[in-house]
Amino acid sequence: MNYGRLIDFNDSSDDFIEQIRMLSDALLRKDWKKAMLILDNVVPYCLDNNYMRFKTSLIKEINPQIYREFKHAKRVSLYARQLAKALTLSRLDVYAIEQSGFLHDLGKLIIDHRILYKDDQLNPWEWKIIQNHPRFGCELLSWSAHFKYLMPIVEQHHERFDGSGYPKGLKGEEILYASRIIAVVDAYDAMTCNRSYQRRLESGAAIAEIKRCAGSQFDPEIAFIFIESVLTDYNCSMFKKHQVITKEHIVERIK
Ligand SMILES: [Fe+2]
Ligand SMILES: [Fe+2]
């Protein structure tokens, strides 16, 4: 599998920013093929924290919707990477899960911002459109040269462990392991950040909610490791190397 970059941007941010401008334009024209061609180029850079350090705010000037979704995607990818490491997955799996974290809500880029960021409660028709974002994401990914293999992970990131999720109502281990990882970290980020329709929760309240939903909404083992390993570490330092917890450790602690 090729995880490399197609093009090398120079030191100035001009090339990268130009690509974001072209992405914004392609989305506006509903040219999904072109949009994915650009994303194939820019995603590896977006995952590079050093490269992105001074570029995030530039995205805001070009397209506020891309900027908003970028920030959530970036946080979810960071949590997902830490959680995948704590679950002792292989290096390539960790990278695939980091990429999935970044691209899980890709489908939201093609939803009208008036629905996506609506302050009032969504009507049933609008809610249906929002619920289609995993499928929209897959549609976009089907045009990708590098990230097509993430389609099933993206499609299943709103499935719930008890079978009450969407789009297919998959249950327990029917849901891909990677999607169960994304589901936990995505929910934590959604709860701890302001959204147009809800106020953010403090970390402690969000952790209590994840514990409450472990076994119903979330895979209980994954939820446990996220709270016990990643969040403890993450609250100390976002990029600090985490403590690796073995499977035996998990079984011991869950008893
Ligand atoms: Fe989502
Ligand atoms: Fe999300």
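The name given to the protein in an unreviewed UniProt entry is HD-GYP domain-containing protein, with the source organism recorded as Acetobacterium woodii.

A. Just helix α2 (residues 32–46), in detail. The axis of α2 is deflected most strongly, by about 35 degrees, at aspartate 40, and proline proline 44 appears within four residues downstream. Among the residues of α2, Ala35, Met36, Ile38, Leu39, Asn41, Val43 and Cys46 are the ones counted as buried. Where the residues of α2 are buried, they touch α1 (14–28), α3 (49–52), α6 (91–103) and α9 (133–141).

B. Broad picture of the packing of helix α5 (residues 64–86) against helix α11 (residues 177–192). Viewed as axis vectors pointing N to C, α5 and α11 meet at an angle of 130 degrees, and their least axial separation amounts to 9 Å. In terms of their interaxial angle, α5 and α11 are classed as oblique. Handedness of the α5/α11 crossing: right-handed. Along its contact with α5, which presents His72, Arg75, Val76, Tyr79, Ala80, Leu83 and Ala84, the element α11 presents Ile181, Ile182, Val185, Asp186, Tyr188 and Asp189. Split by residue class, the contact of α5 with α11 holds nine nonpolar, one polar and three charged.

C. Spotlight on α9. Of the residues making up α9, those classed as buried are His133, Pro134, Gly137, Cys138, Leu140 and Leu141. All buried residues of α9 lie within an arc of 160 degrees about the axis, which places them on one face of the element. On its buried face, α9 is in contact with α2, α6, α8 (124–131) and α10 (151–155).

Cut-offs used in this document
Residues numbered from 1 in each chain as written. Chains lettered and ligands numbered in written order. Predicted model: local features only at pLDDT ≥ 70, side-chain atom pairs only at ≥ 80, totals over all residues. Bend = angle between axes of the 7 residues up to and from the residue. Helix = DSSP H or I, 4+ residues; strand = E, 2+ residues; numbered from the N terminus. Buried ≥ 20, exposed ≤ 12 C-beta atoms within 10 Å, placed from the backbone. Contact = placed C-beta atoms within 7 Å. Axes fitted to C-alpha atoms, helices over the stretch in contact; angles between N-to-C directions. Parallel < 35°, antiparallel > 145°, perpendicular 65-115°, else oblique. Left-handed = near helix turned anticlockwise from the far one by under 90°. Nonpolar A, V, L, I, M, F, W, Y, C, P; charged D, E, K, R; others polar. Arc of directions from axis to C-beta.

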